[in-house]
Amino acid sequence: MKRRPRGEHVPYTDADRQYLRKRGNQRVRKRRVVRHTARWTAAIVIHVVVIATLSVGALAFARRATRANEFALRTIEVAGLARVPDATIDRALESVLGPNLLELDLDAVAAAVRTEPWVRDVWVRRVLPRTVLIEIEERVPVARVARADRVALVDVAGEILPALAGEASLALPWIDVPDRWNGELLRASVRDALRGLGLMHGMRPDWYPVVARISLERDALAVVLRDGTRVLLDPSDPGRNLDAWLQLRPEIGRRAGLGGTIDLRWRGRIAVVPASTGSEHERWNDGSDSRRPRR
């Protein structure tokens, strides 16, 4: 062992302190570790036993509650129905409603109600002790589509829906689509037509009721008003010149009369074909460069 010179104070290193630790101190420290470990182990075991006991009790209570007559399903309340008959909802619920309210699968109930085409969304919740509440948001028709010998209605999202009794004659604009178009082609065409209708409604809500028909042509979205005026819009930009035409319409009516064809597909130009002659052609410039027509 290396001796230190007398009178020289050199601090102990960690290795020295470990070497100089007495065996008695080491035994005391081990006993403390054992007691601490045992204490935590006992606490964990007690918590596990308590949780297991509570879980078993809760499960037993739940089983007894689901079998109890106090939670038997007695009432079904449906809110939000306007055009869907109650009997239609009742038929959709026959296979999913069970005898006990607590065992009722709310997601299955909502999925069953959504199978009705006129239902846009649905929310289901329990009202203890014996009632289930179903809140329905129905679709709202905004246009009509003629399909062979029947009439279908269209909502704002472009969903094509069967017309209920008496709804085929609603005062809604027609969307003219060839009968041979079906599937995604039909839905895409309807959505394009609704885009033009929605734009006109957003810019001038008072004008929406005067729209009689709307159709997709080869290079135009044609809107026919109830006074016979035919308005041609650019399918890729239905709003082009629309606001300018609405502002100039009184002046155009005085000079060219009502009806005729209004072509708004050209940038910076409004082309007018009066109904009286069918051939006379006038152009209105909204102030932009119009030396060369651009689409």
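Everything numeric in this text was worked out from a predicted model, so none of it was measured.

(A) Expanded view of unusual backbone geometry. With an omega dihedral of 10°, the bond running from Leu-128 to Pro-129 counts as a cis peptide bond. Structurally, Pro-129 is set in the loop between β2 (119–127) and β3 (131–138). Even without being a glycine, Asn-241 presents a positive backbone phi close to 65°. If you trace the backbone, Asn-241 turns up in the loop between β10 (230–233) and α6 (242–256).

(B) Up close: the pairing of strand β4 (residues 141–147). Extensive coverage of β4 is indicated by the burial of five of its seven residues. Examined bridge by bridge, β4 and strand β5 (residues 150–155) share six bridges and lie antiparallel to one another. What sits directly across from Ala-146, in β5, is Val-151. Here β4 folds back onto β5 in antiparallel fashion, the turn holding two residues, of which Ala-148 has a positive phi close to 55°.

(C) Spotlight on the packing of aromatic side chains. All chains considered together, the criterion is met by zero aromatic pairs. The side chain of Arg-83 reaches across the aromatic face of Trp-118, ending 4.9 Å from its centre.

(D) Highlighting the sheet that holds β2. If you walk across this open sheet you meet the three strands as β1-β3-β2, and the pairing is mixed. Looking at the sheet topology across the chains shown, the edges are occupied by β1 (75–79) and β2. Across the sheet, the mean angle separating the axes of adjacent strands is 20° when strand polarity is ignored. Where β1 meets β3, five bridges bridge the pair, whose relative direction is parallel. Pairing of Glu-77 across the sheet is with Leu-133, part of β3. Against the sheet, helix α4 (residues 106–114) touches β2 and β3, its axis set at about 150° to β2.

(E) Helix α3 (residues 86–93), seen in detail. Looking only at α3, the buried set comprises Thr-88, Ile-89 and Leu-93. On an axial view of α3, the arc spanned by its buried residues comes to 130°, and they lie on one face. Looking at the buried side of α3, the elements it contacts are β1, α4 and β3.

(F) Up close: α6. The end-to-end C-alpha distance of α6, which contains 15 residues, comes to just 18 Å, noticeably less than the 21 Å that a straight helix rising 1.5 Å per residue would cover. At Leu-248, α6 is deflected by roughly 55°, the largest bend along its length, and proline Pro-250 occurs up to four residues later in sequence. Residues of α6 that are buried: Leu-242, Trp-245, Leu-246, Arg-249, Ile-252 and Ala-256.

(G) Representation of the pattern of salt bridges within the structure. Summed over all chains, the structure comprises 15 salt bridges. Two residues, Arg-125 and Glu-135, come together in a salt bridge whose shortest N-O distance is 4.0 Å. With Arg-125 in strand β2 and Glu-135 in strand β3, this pair connects stretches of sequence that are ten residues apart. Residue classification places Arg-125 among the partly exposed residues on the basis of a relative accessible area of 45%. Across the pair Arg-240 and Asp-234 runs a salt bridge whose closest N-O atoms are separated by 2.9 Å. The same class applies to Arg-240 as to Asp-234, namely buried. Taken together, the salt bridges that share partners define one network made up of Glu-184, Arg-187 and Arg-191.

About the criteria used
- Residues numbered from 1 in each chain as written.
- Predicted model: local features only at pLDDT ≥ 70, side-chain atom pairs only at ≥ 80, totals over all residues.
- Heavy atoms only, no water.
- Helix = DSSP H or I, 4+ residues; strand = E, 2+ residues; numbered from the N terminus.
- Buried < 20%, exposed > 50% of the residue type's maximum accessible area, 1.4 Å probe, protein only.
- Pairing = 2+ DSSP bridges.
- Phe/Tyr/Trp six-rings, centres within 6.5 Å; stacked < 30°, edge-to-face > 60°.
- Lys NZ or Arg CZ within 6 Å of the ring centre and 35° of its normal.
- Axes fitted to C-alpha atoms, helices over the stretch in contact; angles between N-to-C directions.
- Contact = heavy atoms within 4.5 Å.
- Arc of directions from axis to C-beta.
- Expected span 1.5 Å × (residues − 1).
- Bend = angle between axes of the 7 residues up to and from the residue.
- Salt bridge = Lys/Arg side-chain N within 4 Å of Asp/Glu carboxyl O.

As far as function goes, none of this settles anything; it's purely spatial.
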